[in-house]
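Structural features, examined
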Amino acid sequence: MTKKTLTLAMIFVFAHIAFVAPFVPSKNILPAGFGALSMTSMALVLVLAARWRIVDRILGGPDKSYGSHRWLGLFAIGGGLAHWALASPVGLGTLPALAGRGSDAWLIAMLGLIVLTLAAMVRVIPYHIWKASHMLMGPLFLLAAFHTFFVASPLALGAAPWTLMAGVSIVGVIAWCQTLLRKLVPARLVEVERATPFEGGVDVTFRSKRPMPKFQPGQFAMLGHKSMRAEAHPFTIAGGDEMTRRFVIRAAGDWTDNFVKTVKVGDRFRLGRGVGRFLPQIDSQRKEQFWVAGGVGITPFLSALERMQPDVAARVTLIFGIRSRASAGAIEDVERHARRLPQLNLIVLSDDRNEGLTAPRLAQIIRDMNEDTQVYLCGPQGLKNMIVRAWAMAGMSGRIYSEHFDFRGAYGMEHVNYIFGPILDAARHVKLAVKRPLHNAIST
């Protein structure tokens, strides 16, 4: 976690505690604040899961939304557990007959959140089970909302925190309902028109019987088997028109291994719309760009090259790192575009020819670029890290764009302390701040 992220996390925690502080007794500030933190985080998780386009756009793409989704999930359980540990019934509640049920609802919600968190962190749990388990987030949120409004609480009906939680609950429920409705609308049914295998992968084109939604070069789509219940996986679109979509898919897991080995012409799949904010610029008004692809990381650049027209505008330098020509899907297409586009400077580096990208060579390539050149990275994390370090060392100011498709595995047990640490630190600081004036009052 970066210092900036840690600062934002602390602000997010303290904001909830400070917001409820004027409305509850001193001893209830922490439990109420952490309860509000958990509710807000759960609602935002549901909003991100609903995939509202404006939210994806603000955050920089669905992959960034998924990253925020995971951190908010940890805030939800961290705040919920802190609330559970510190809270005690106060007063009679909105409806005294339901106060006890409200406490039970929170217990069930917290146990459910713990299960969902473990399912996300323990990689041995199959992907499809993990993904299906997340549909339980809606019912758990409803239980948490029931607890918020009916448990015996010091928050007065209509007070600012109560009103905020009401608004948060409404937004969360709307987002969850939209997610359910989207599940009922099947993705576009497409058929395999062409499947060309290469070493370790397959270059596949799907055709639809009806025009498909437009996509921008660099976007990805969710692909799954034709059953509506089948799990879908994200793959970058390598090209296509309104009736077709092309993908270059490498075997990198159970689903893709099976797909690469068994896919054949005539097979039917379900394909989602193009999404994402990884958008290499291809018009003549672009700035100079530096594209770096590792293996099948070439796919977003394939669709960009397909649409790019020859011009004499800003240069585009493309480094394509491959293990060998036999394992490089679409290498011939990339070379064909390089011959067609005078603005493209293609550098193919093949491991089997001992042409790996070295730091000195990378520094030399960067040295010839404009300071504000834009960078687009798609490939292994090690390659991305090398480019980012070299870019910083060269003092370049151009923005770096990349996407992260490991939607499930972006955090693990090693990250938990980064989330729970700020929450526990915040609890200790606020607890001391509350106790100090009370102790002084008693002493005098």
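Placed above this text is the structure.
An account of the accompanying structure is given in this report. Counting restarts for each chain, with residues numbered from 1 along the sequence as it is written. Per-residue local features of the predicted model are confined to residues with pLDDT of at least 70, and side-chain atom pairs are confined, for both listing and counting, to 80 or more; whole-chain, interface and lining totals are unaffected and use all residues. To get the side-chain values, all heavy atoms of the structure are used, and hydrogens and water are removed first.

1. Remarks on the environment of serine 103
As a reminder, the rule being used: Strands here mean DSSP runs of E at least two residues long; helices mean DSSP runs of H or I at least four residues long; both are numbered from the N terminus. Should any heavy atoms of two residues lie within 4.5 Å, those residues are counted as being in contact.
Here serine 103 is to be found in helix 5 (residues 99–121). Linking serine 103 and phenylalanine 150, residues 47 residues apart in sequence, is a C-alpha distance of 8.6 Å. Leaving out residues up to four positions away in the same chain, serine 103 has contacts with His147 and Val151.

2. Focus: the pairing of strand 7 (residues 289–294)
Note the following rule: Only protein chains enter the accessibility calculation, which uses a 1.4 Å probe. A residue is then buried if its area is under 20% of the maximum for its type, exposed if over 50%, and partly exposed in between. Pairing between two strands is assigned when DSSP locates at least 2 bridges connecting them. By convention, a crossover is right-handed whenever its connection, traced from the first strand over the helix to the second and viewed with the strands pointing away, goes clockwise.
Here strand 7 lies mainly inside the structure; 6 of its 6 residues are buried. By the alternation rule, side chains of strand 7 split into Gln289, Trp291 and Ala293 and Phe290, Val292 and Gly294, which are all buried. In terms of strand pairing, strand 7 meets strand 8 (residues 316–322) through 6 bridges, oriented parallel. Across the sheet, the residue bridging to valine 292 is isoleucine 319, located in strand 8. The β-α-β motif built from strand 7, the intervening helix 10 (residues 299–307) and the parallel element strand 8 has right-handed crossover chirality. With 5 bridges connecting them, strand 7 and strand 10 (residues 374–378) associate as parallel partners.

3. Here's the deal with the sheet that holds strand 9 (residues 344–350)
Basically, it comes down to this: Every axis corresponds to a line fitted to the C-alpha atoms, with the helix fit spanning only the stretch in contact, and the corresponding angles, defined between N-to-C directions, vary from 0 to 180 degrees.
Pairing in this open sheet of 5 strands is parallel, and the strands run 9-8-7-10-11 from one edge to the other. On the outer flanks of this sheet lie strand 9 and strand 11 (400–402), each paired with one strand and no other. The average undirected angle you get between the axes of adjacent strands in this sheet is 15°.

4. Some thoughts on the side chain of serine 41
Inspection of the secondary structure puts serine 41 in helix 2 (residues 29–49). You can call serine 41 buried: its relative accessible area is 0%. Residues contacting serine 41, with those up to four places away along its chain left out, are Phe12, Leu72, Phe75 and Ala76.

5. Regarding the pattern of salt bridges
Stated precisely, the cut-off is as follows: For salt bridges, the criterion is a side-chain nitrogen of Lys or Arg within 4 Å of an Asp or Glu carboxyl oxygen.
For the structure shown, the criterion picks out 9 salt bridges. The residue arginine 207 makes a salt bridge to glutamate 193 at a minimum N-O spacing of 2.4 Å. Separated by 14 residues along the polypeptide, arginine 207 in strand 2 (residues 201–208) and glutamate 193 in strand 1 (residues 188–198) bring together distant segments of the chain. Note that arginine 246 and aspartate 333 form a salt bridge whose closest N and O atoms lie 2.6 Å from each other. Residue arginine 246 is located in strand 5 (residues 244–250), and its partner aspartate 333 is located in helix 11 (residues 331–340); the two are separated by 87 residues in the primary sequence. Through salt bridges with shared partners, one network takes in Arg194, Asp203, Arg246, Asp333 and Arg336.

6. Considering the nonpolar core
Here is the rule we go by: Think of a nonpolar core as a cluster: buried Ala, Val, Leu, Ile, Met, Phe, Trp, Tyr and Cys residues, connected wherever their side-chain atoms sit within 4.5 Å.
Counting residues in each nonpolar core, the largest one holds 42 residues, and the members touching the most others are Phe34, Met39, Met42 and Met137. Of all the secondary structure elements, the ones that give two or more residues to this core are helix 1 (3–20), helix 2, helix 4 (62–86), helix 5, helix 7 (137–150) and helix 8 (160–184). At 13 residues, helix 2 tops the list of elements feeding residues into this core. Residues in contact with methionine 39, not counting those within four places in the same chain, are Phe141, Ala144, Ala145, Thr148, Met165, Val168 and Ser169. Residues Phe320, Val334, Leu341 and Cys378 belong to the second largest nonpolar core, which totals 25 residues.

7. Re the packing of aromatic side chains
As a reminder, the rule being used: Only centres within 6.5 Å qualify two rings of Phe, Tyr or Trp (six-membered ring in Trp) as a pair; their planes then separate them into stacked at under 30 degrees, edge-to-face at over 60, and tilted for everything else.
Evaluation of the coordinates by the stated rule reveals 14 aromatic pairs. Here the aromatic rings of phenylalanine 146 and phenylalanine 150 are separated by 4.9 Å at their centres, their planes lie at 35°, and the arrangement is tilted. Of the two residues, phenylalanine 146 and phenylalanine 150 both sit in helix 7, 4 residues apart, roughly one turn of that helix. With relative accessibility at 26%, the residue phenylalanine 146 sits in the partly exposed group. Residue class for phenylalanine 150 comes out partly exposed when judged on its relative accessible area of 23%. When the ring of tyrosine 376 is compared with that of tyrosine 401, the centres are 4.7 Å apart and the planes differ by 10°; the resulting orientation is stacked.

8. Regarding the packing of helix 10 against helix 11
Applied cut-off: Crossing handedness is read from the near helix: turned anticlockwise from the far helix by less than a right angle, it gives a left-handed crossing, and turned clockwise, a right-handed one. In this count, Pro and Cys sit with the nonpolar residues alongside Ala, Val, Leu, Ile, Met, Phe, Trp and Tyr, while Asp, Glu, Lys and Arg are called charged and the others, Gly among them, polar.
Running from amino to carboxyl end, helix 10 crosses helix 11 at an angle of 35°, the nearest separation of the two axes being 10 Å. As helix 10 packs across helix 11, the resulting crossing turns out to be left-handed. Within the contact between the two elements, helix 10 uses Leu302, Leu305 and Glu306 and helix 11 uses Asp333, Val334, His337 and Arg340. Of the residues belonging to the contact of helix 10 with helix 11, the class tally is 3 nonpolar, 1 polar and 3 charged.

9. Re the sheet that holds strand 5
Strand order across the open sheet formed by 6 strands is 4-3-6-1-2-5, with antiparallel pairing between neighbours. Edge strands, defined here as strands with exactly one partner in the open sheet, are strand 4 (232–236) and strand 5. Geometrically, the sheet is characterised by an average inter-axis angle of 40° between neighbouring strands, direction not taken into account. For strand 2 and strand 5, the ladder comprises 7 bridges, and the chain directions are antiparallel. Looking at the pairing, valine 204 lines up with phenylalanine 247 of strand 5.

10. What to know about unusual backbone geometry
The phi dihedral of asparagine 354 is positive, around 55°, even though this residue is not glycine. The residue asparagine 354 is located in the loop between strand 9 and helix 12 (359–367) in this model.

11. Remarks on a nonpolar patch on the surface
Stated formally: Like-charged residues are merged into a patch within 9 Å and nonpolar side chains (Val, Leu, Ile, Met, Phe, Trp, Tyr) within 5 Å, provided each residue has over 30% relative accessible area and no salt bridge. Residue exposure ignores everything except the shown protein chains as possible cover, and the areas themselves are Shrake-Rupley values with a 1.4 Å probe.
Together, Ile54, Ile58 and Leu59 give the surface a local cluster of nonpolar side chains, amounting to about 300 Å² of exposed area. Looking at the element boundaries, isoleucine 58 is found in helix 3 (residues 53–59). Classification of isoleucine 58 by relative accessible area gives exposed; the value is 67%.

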